[in-house]
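Structural features, examined
The primary structure of each chain is shown beneath.
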Amino acid sequence: MTNNNHSLTDRINRHYADLTANSRRLADYLLLNPEKVLIMSTNEIAESCAVSKTSVSRFIRRLGYADHVSLRNELLEVRESGEPVLTAIQEDCDFHQDIQGLQQLKKQLESTSLQPITTLLATAPRIKVIGYRNSYPLAMHLRQQLMQCRGHVELLPVPGQTIGEDLASIDEDDFVVIIGIRRRVKKFSKLLEQLQHNKVLLITDQSGQKYAEQATHLLVCHMNNETPLDSYAVPSSLIAHLVNNTYQLLKGNATKVSSKISANYANLNELE
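Described in the following lines is the structure provided in the data block. Keep in mind that this is a model prediction, so the values were computed, not measured.

A few words on the side chain of S135. Within the secondary structure, S135 is located in helix α9 (residues 135-146). The residues touching S135, leaving out its near neighbours within four places in the chain, are I179, G180 and I181.

Following this line, the structure appears as structure tokens:
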């Protein structure tokens, strides 16, 4: 199996000039609708392009794939990595899958003791929150929410900077929360390795479970693999759940912090 995420498109373009009329019809169709490989059978693709099923099989082999299943598996692997690919026809592309993901999260939380995580979120001298790419807004949201109930919460890395300097500033007593959903940076494993002596919570999707042994705590947000673009409803709900539990654990101390913040908003006339 190829490691090139754009393999199907690249292979079609590479062979296009030498294709027959029927194969070009298939090529044009799949260049515009690569997801059809995942949601349609070989026979259905043949009917859509007005060619024979044999022509479709021959075309797939011409591109270098063993068969339709091999091509389909490659595209599924691409979607698993986070690249937008439609893998199923959904009348309700958002809420149905979000509900399923939230139900899976609920089952996980019911079978997992969150007390050690909540205690660290409440009592660690400092909390360092790390997130890259699409995980950065989630990390920023977690930091912002935690700041409503406690201090000394930092978001890493600072925009425009590498993280080496920040890692050097992390003490053994600091609690590190790393969010790595979908397309993680290449240095992700190295980052976890660097933090092996720290208490680390990893929040990831199902593809990140391979890092379980490198983190002190692991929480998995099952992401939908059927719609082309991801909804982050599940990790956002997990963040809300963790911070609300932390707020309740801190009780009066959290109330003092949030009240001080509200007073600052009023004094600075920052909000409506």
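Time to look at the packing of aromatic side chains. To describe a pair of aromatic rings, you give the distance between the ring centres and the angle between the ring planes. Overall, the coordinates contain one aromatic pair when judged by the stated rule. When the ring centre of Y65 is taken as origin, the NZ or CZ atom of R11, which lies over that ring, is 4.1 Å away. If you follow R184 out to its NZ or CZ, it ends over the ring of F188, 5.9 Å from the centre.

This brings us to empty space enclosed by the protein. Here the structure, examined in full by the defined rule, presents one cavity of 30 Å³ or more. The space that makes up the largest cavity amounts to roughly 70 Å³. Lining of the largest cavity is provided by 14 residues; of these, Y132, I179, G180, R184 and F188 occupy positions nearest its centre. Breaking the lining of the largest cavity down by element, the ones donating at least two residues are β1 (127-131), β3 (175-180) and α11 (188-194). Take the lining of the largest cavity: its biggest share by element is three residues, from β3. In terms of residue class, the lining of the largest cavity is built from eight nonpolar, three polar and three charged.

What counts, and at which threshold
- Residues numbered from 1 in each chain as written.
- Predicted model: local features only at pLDDT ≥ 70, side-chain atom pairs only at ≥ 80, totals over all residues.
- Heavy atoms only, no water.
- Helix = DSSP H or I, 4+ residues; strand = E, 2+ residues; numbered from the N terminus.
- Contact = heavy atoms within 4.5 Å.
- Phe/Tyr/Trp six-rings, centres within 6.5 Å; stacked < 30°, edge-to-face > 60°.
- Lys NZ or Arg CZ within 6 Å of the ring centre and 35° of its normal.
- 1 Å grid on protein atoms, 1.4 Å probe; cavity = no way out; pocket = protein on both sides within 12 Å on 5 of 7 lines; lining within 4 Å.
- Points joined across faces, edges and corners; volume = space filled by probe spheres on them.
- Nonpolar A, V, L, I, M, F, W, Y, C, P; charged D, E, K, R; others polar.

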